[in-house]
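Structural description and commentary
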Amino acid sequence: MSRALLREPLLHFLIGGAVLYALFAWIGTPVDPASRTISLSRSDQAQIAQGFAQMMGRPPTDAELSGLIERRVREEVLYREALRLGLDRDDPAVRRRLATKMDEIAAASAEAETPGDAVLEEWHKAHAGTFETGGVVNFEQVYFASEAAALAAKGQASPSGQPISLPRTVDAKSMVELGAIFGQQFAQEIAERSVAREWQGPIPSGFGWHLVRLSHREEGSVPPLAEIRDRVEADWRNSTITARRAAAYNALREAYRVEIE
Amino acid sequence: MRKLVMAAWTTTAALTLVGCDMVASDPDAAAQSGDQAQTAELPEFPDRPYWGDTHLHTDVSVDAFGFGVRLGPEDALKFARGEQVTATTGMPAQLDRPLDFLVIADHSDAMGATRRLFDAPRMLVRDPVLRRWYDLMHEGPEGSQRAIAELITAAANDEIPEALRDPERQAGATRALWDNHLALLERYNQPGTFTAFAGFEWTAMPDGNNLHRVVMFRDNDDRTEQVVPFPGIDTEAEQLWDYMEAYERATGGKVLAIPHNSNLSNGQMFELTGPDGGPMTAAYARRRAAREPVVEATQIKGDSETHPFLSPNDELAGFGIAGWELGNLPLTHTTTPDMLPGSYVRSALKRGLTLEQQTGANPYAFGLIGATDSHTALATGDEDNFFGKHTGNEPKATRAMRPQNLGTRVGRFGWNYLAGGYAAAWARGNTRTEIFDAFMRREVYATTGPRMTVRLFAGFDFAEQDWEGDWVRAGYTRGVPMGGQLTDSGKAPSFLISALKDPDGANLDRVQVVKGWVGADGVAQEQVYDVVWSDMAKRQRNGGKVPAVGDTVDRANASYTNTIGAAELRAAWTDPDYRAGQNAFYYVRVLEIPTPRWVLFDAKRFGLEIPEDVIEQGVAQERAYSSPVWLRPAARPGDAPAIMEGA
């Protein structure tokens, strides 16, 4: 048994799963569902009150406490009756929740883990594309309702365009932002244009036609790890959780023979 | 045996389920996930609306799950930020344009009701002994063995830490779900790009009358993990507000509630009386306005702006009411006309003015947003990309004409569902604090799905020439934006109103101002003004009415053209019917030209034959509703303080 294997989250998962199974098998339900006695001790009641206090920041009044106790009794009665009727079996919601719990157990170690610098540096390098910021552009634009009007104005040194509530100058906006403001078509056109001193266009948008003077384009780049450490860590965590769930499932799955007719 | 199992149980818990506490207790992590990085770059004034859905259900909601959804919060976040996911029914699903923010609002009861049954051991590792064990286990096999030995000893000596004994915590499946959920949100929340809010739905429904609220938190998980979602069953709105106040007191955070589907409340959402049926008190009114600054005016289960019965002179009233107007949510009680004023937001805004005159405080001084209330984990608002109210009506041939499940299977059909709306927030940046604060000051608006840009400023000296300069600056410095309030100056209020079409959508038909006020006789009134519309030279008023914009919709092909309507409509408008001392509100309604609804897209896609009347209902003028601006009489000495300073 190597040390590495014992550190393996999958092993933790399997042990956890086995313990859980044993636990469920052993205690099953906290009370025999056939029992018709519901007892709420003083400490049970204190804990109900404590739960309320945690949520509301103050202890419950007597009336609130008896309401909470009544609700607990009601839940317990219905819960036991549901178990007596076997409502927990073949219930897709129950099955799903238990399956989700298993996934959560598999993921939990990755949720808590703090990856070291080396791990993040490697992740940052290996998934550079994920962290690349899209390019940004700076330009001036003037608007025309018709293509003909835009063409007619193109020869002018400083065309004035027609009034519309769009920014006349745009600084350091990404293509996604341009899409939100001017529409997708315009953003795609701008993405393909080069910086030039002249007015370009007319470029169509959702609003009409634009003459554009593209003054600056900054290509996308991957920021250094120090600048985006939390993003890299979040991405590492998301991917690691997914991978561990898959690994844990596959390990369990291997023990099954599945027959699909 | 019992002791052994106890020890093993503890081991599992400590081994596997420590996530959230570790993350949240790390101050660096909290700082990184906060908004600090963004504050330096914020513009002086909001320069664009941020788009989001504040009301989305995933498989954590028991009803959504029952309808079949198998996508969870993580899929919902990926989808909202623009990634492609596979819908439960197997189709690829993606938004044409990403959303800027999302509130996953799963039912709190769904989380709570299942807790015993689904309880797996889980707890936060706050206890120092547990922490030591956790650390030992992570040291390696020797440490792990030592930890287990210590655990067994502790169990034998009856020294198990208190945290492991507390059944309230042990049974906390809600706690577990919530903590996992908050950790997930922190991983997807990316200030400046995509904002993931913590929230839940409080689902109180006395007698089937919908009083639901979405609860939305401003804060990171260092605060939100200190509570769990508040149950809706057997609780009342005032208790929800208690919960919210306790949260703010305990954590220094902020939280708001958003009522929705007032259209299905049978008049109970916006009552004239207090909750006990007696007269409403100023204290209640003030509290409600402070807790619920924004209301959902439109969503998949219908539109709640107004009803033709309430607004007989509003020829464009009645959007999105077919089917929904019949009764409460499960259709156990039908709706009668006397209930309508308490069910729609325009009449509620009027009631607010009346109540303010009576009590000194306005309980219904709220802004307006749209949302989806989708139960598919997919926040779809577009007509050509509608994934259904729930997984049972994800795209398929039968969904448009089938009676749908809410109610008696009589009177409501698939085609009654709207494709869902969105919220637009005038925030200075895409962060939790900026967007939440825009909600608090009601600088938000509703759309029925399209992303038109709507600006509204109110003051006393706005005029057409303001358009020539930096009118946004003028709006903010010489007036108030939507959601704000003016104090009567003895002069008619004037407004700068701009509506820019959705850059990837339909042209605009017209811009209207809806005014509500209390007349000298004490009766609340309303009036809809056409302010500016496309082709004004050709479409001259006829008998006081602006002629219809026309209709380019090709019903068979589910298409339209932008050959009618305008790209932008804007106007400086002054209230022509102002009377000094009037208590009034003004909001803007923007209408698109007619476009096909999802039903026509379905008919084309699946080759459906649908009845003529449904085809006609398959064309609509989608719209935006701004939050109102209020004009309040100058305070007289002795008046109660104004309630609307809020944010």
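Let us now look at the sheet that holds strand β11 (residues 367–370) of chain B. Residue and element names in this part refer to chain B. Pairing is mixed in the open sheet, where three strands are placed in the order β10-β9-β11. For this open sheet the edge positions go to β10 (302–303) and β11, each flanked by a neighbour on one side alone. One ladder, built from four bridges, connects strand β9 (residues 294–299) with β11; its direction is parallel. When the sheet's bridge partners are listed, V294 is paired in β11 with G367.

On to the pairing of strand β7 (residues 213–217) of chain B. All names here are of chain B. With five of its five residues buried, β7 lies for the most part within the structure. Going residue by residue along β7, you find R213, V215 and F217 tucked away on one face and V214 and M216 tucked away on the opposite face as well. The pairing of strand β6 (residues 199–202) with β7 spans four bridges and is antiparallel. Bridge pairing links F200 to V215 in β7.

Further remarks concern the sheet that holds β6(B). The strands that make up a sheet pair up through hydrogen bonds in the backbone, lying either parallel or antiparallel. Residue and element names in this part refer to chain B. One open sheet accounts for three strands, arranged β6-β7-β8; its pairing is antiparallel. Every other strand in the sheet has two partners, leaving β6 and β8 (255–259) as the edge strands with one partner each. This sheet shows a mean twist of 20° between the axes of neighbouring strands, independent of strand direction. Contacts from helix α14 (residues 237–251) reach β6, β7 and β8, with the element oriented near 155° to β8.

Interpretation of the predicted coordinates at a detailed level should be avoided for regions scoring low in pLDDT. All names here are of chain A. For chain A, mean pLDDT is 82; residues scoring 70 or higher make up 85% of the total. Across chain A, strand β1 (residues 136–144) holds the top mean pLDDT of 95, while helix α2 (residues 9–27) sits lowest at 49. Long-range and interchain partners of residues 20–29, a stretch whose pLDDT sits below 50, account for eight contacts in this model, where long-range means more than four residues apart.

Another aspect to go through is the packing of helix α6 (residues 117–126) of chain A against helix α11 (residues 229–253) of chain A. Residue and element names in this part refer to chain A. Between α6 and α11, the least distance of the axes is 10 Å, while the angle of their chain directions is 85°. Judged by the angle between their axes, α6 and α11 are roughly perpendicular. Residue-level contacts link V119, L120, W123 and H124 of α6 to R229, V232, E233 and W236 of α11. For the contact of α6 with α11, a count of residues per class yields five nonpolar, one polar and two charged.

Moving on, we get to helix α19 (residues 598–606) of chain B. All names here are of chain B. Taken together, the buried positions of α19 are occupied by W598, V599, L600, F601, D602 and A603. If you follow the buried residues of α19, they end up packed against β22 (595–596) and α20 (612–617). Following α19 by one or two positions, G607 has its phi on the positive side, about 60°.

This part is about the packing of helix α3 (residues 42–56) of chain A against helix α4 (residues 62–84) of chain A. Residues and elements named next belong to chain A. Running from N to C, α3 and α4 point in directions that differ by 110°, and their axes come no closer than 10 Å. With respect to each other, α3 and α4 are oriented roughly perpendicular. The hand of the α3/α4 crossing is right-handed. Residues Q45, I48, A49 and F52 of α3 form the contact with α4, whose own contacting residues are E64, L65, L68, I69 and R72. Residues that form the contact of α3 with α4 fall into these classes: six nonpolar, one polar and two charged.

Rules of the game
- Residues numbered from 1 in each chain as written.
- Chains lettered and ligands numbered in written order.
- Predicted model: local features only at pLDDT ≥ 70, side-chain atom pairs only at ≥ 80, totals over all residues.
- Pairing = 2+ DSSP bridges.
- Helix = DSSP H or I, 4+ residues; strand = E, 2+ residues; numbered from the N terminus.
- Buried ≥ 20, exposed ≤ 12 C-beta atoms within 10 Å, placed from the backbone.
- Axes fitted to C-alpha atoms, helices over the stretch in contact; angles between N-to-C directions.
- Contact = placed C-beta atoms within 7 Å.
- pLDDT = per-residue confidence, 0-100.
- Parallel < 35°, antiparallel > 145°, perpendicular 65-115°, else oblique.
- Nonpolar A, V, L, I, M, F, W, Y, C, P; charged D, E, K, R; others polar.
- Left-handed = near helix turned anticlockwise from the far one by under 90°.

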